[in-house]
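Report on the structure
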Amino acid sequence: MMLMQFGPLSGLPPMDTWPAEDVSAHIQFMHDTNKTLTEAGEFVDAQGLADPGQAKIVRAGADGKPVITDGVFPETKEFLVGYWIIDVESPERAVELAAYVSAAPGPGGRPLNMPIEVRQVMSVETGEL
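A brief report on the enclosed structure follows. These numbers come from a predicted model, not from an experiment.

Digging into the overall build of the protein
Scanning the protein from N- to C-terminus turns up two helices and six strands. The secondary structure elements of the protein, listed N-terminal to C-terminal, are β-α-β-β-β-β-α-β. Here the protein holds 129 residues, and 29% of them are scored as buried. Nonlocal contacts in the protein, meaning residues at least 24 apart in sequence, comprise 67% of its contacts between residues at least 6 apart.

What follows is the structure, given as structure tokens:
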């Protein structure tokens, strides 16, 4: 899984401050990446996530009913803005793809070099549950 992080500590300008043509170029890059991964048989899923201001943190209360609080707070830490689930032959290929996605175009077409976290999705063999 490749996780795209964003936030004040990333040093990247917020997307809502970019010129419209730069936002369009960035989104087109993501669409093109998904198409390339699909054609290579490596694409499983990819999603962008809503602004963290819309997030809710849910915990079970003492009576088991949900207790909902606001969160994630982007001014204090990095937050997840999107992800890809990929099916690749090796960890090296996952790292190669993460570096490619990291260089997505930003303002002025310059590579963002945004942090992409790479983590294996754990699975359980059939019959182990």
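Quick word on the sheet that holds strand β1 (residues 2–6)
Backbone-to-backbone hydrogen bonds join strands into a sheet, with any given pair of strands oriented parallel or antiparallel. Spatially, four strands are ordered β2-β5-β1-β6 in an open sheet, and the strand pairing comes out antiparallel. A single partner strand is all that each edge strand has here, and the edge strands are β2 (43–48) and β6 (116–118). For this sheet, the mean inter-axis angle between neighbouring strands, taken without regard to orientation, is 20 degrees. Lying on the sheet, helix α1 (residues 20–39) is in contact with β1, β2 and β5 (79–86); it crosses β5 at an angle near 25 degrees. Each of β1, β5 and β6 touches helix α2 (residues 91–102); the most contacted strand, β6, lies at about 165 degrees to it.

Some remarks on the side chain of Gln5
Note that Gln5 resides in strand β1. For Gln5, a relative accessible area of 15% corresponds to the buried category. A polar contact of 3.4 Å, which involves the side chain of Gln5, links it to the side chain of Glu117.

What to know about the nonpolar core
Counting 21 residues, the largest nonpolar core has Met2, Met30, Trp84, Ile86, Met114 and Ile116 as the members making the most contacts within it. Those elements that place two or more of their residues in this core are β1, α1, β5 and α2. Apart from residues no more than four positions distant in its own chain, Met30 is found in contact with Met4, Trp84, Val101, Ala104 and Met114.

Let's talk about the pairing of strand β4 (residues 66–70)
Within β4, only zero of the five residues are buried, which leaves it mostly out in the open. From the end of strand β3 (residues 56–60) to the start of β4, which pair antiparallel, there are five residues, and Gly64 there has a positive phi angle of about 85 degrees.

Conventions adopted
- Residues numbered from 1 in each chain as written.
- Predicted model: local features only at pLDDT ≥ 70, side-chain atom pairs only at ≥ 80, totals over all residues.
- Heavy atoms only, no water.
- Helix = DSSP H or I, 4+ residues; strand = E, 2+ residues; numbered from the N terminus.
- Buried < 20%, exposed > 50% of the residue type's maximum accessible area, 1.4 Å probe, protein only.
- Contact = heavy atoms within 4.5 Å.
- Pairing = 2+ DSSP bridges.
- Axes fitted to C-alpha atoms, helices over the stretch in contact; angles between N-to-C directions.
- Polar contact = N/O pair within 3.5 Å; in protein donor to acceptor, adjacent residues only side chain to side chain.
- Core = buried A, V, L, I, M, F, W, Y, C linked by side-chain atoms within 4.5 Å.

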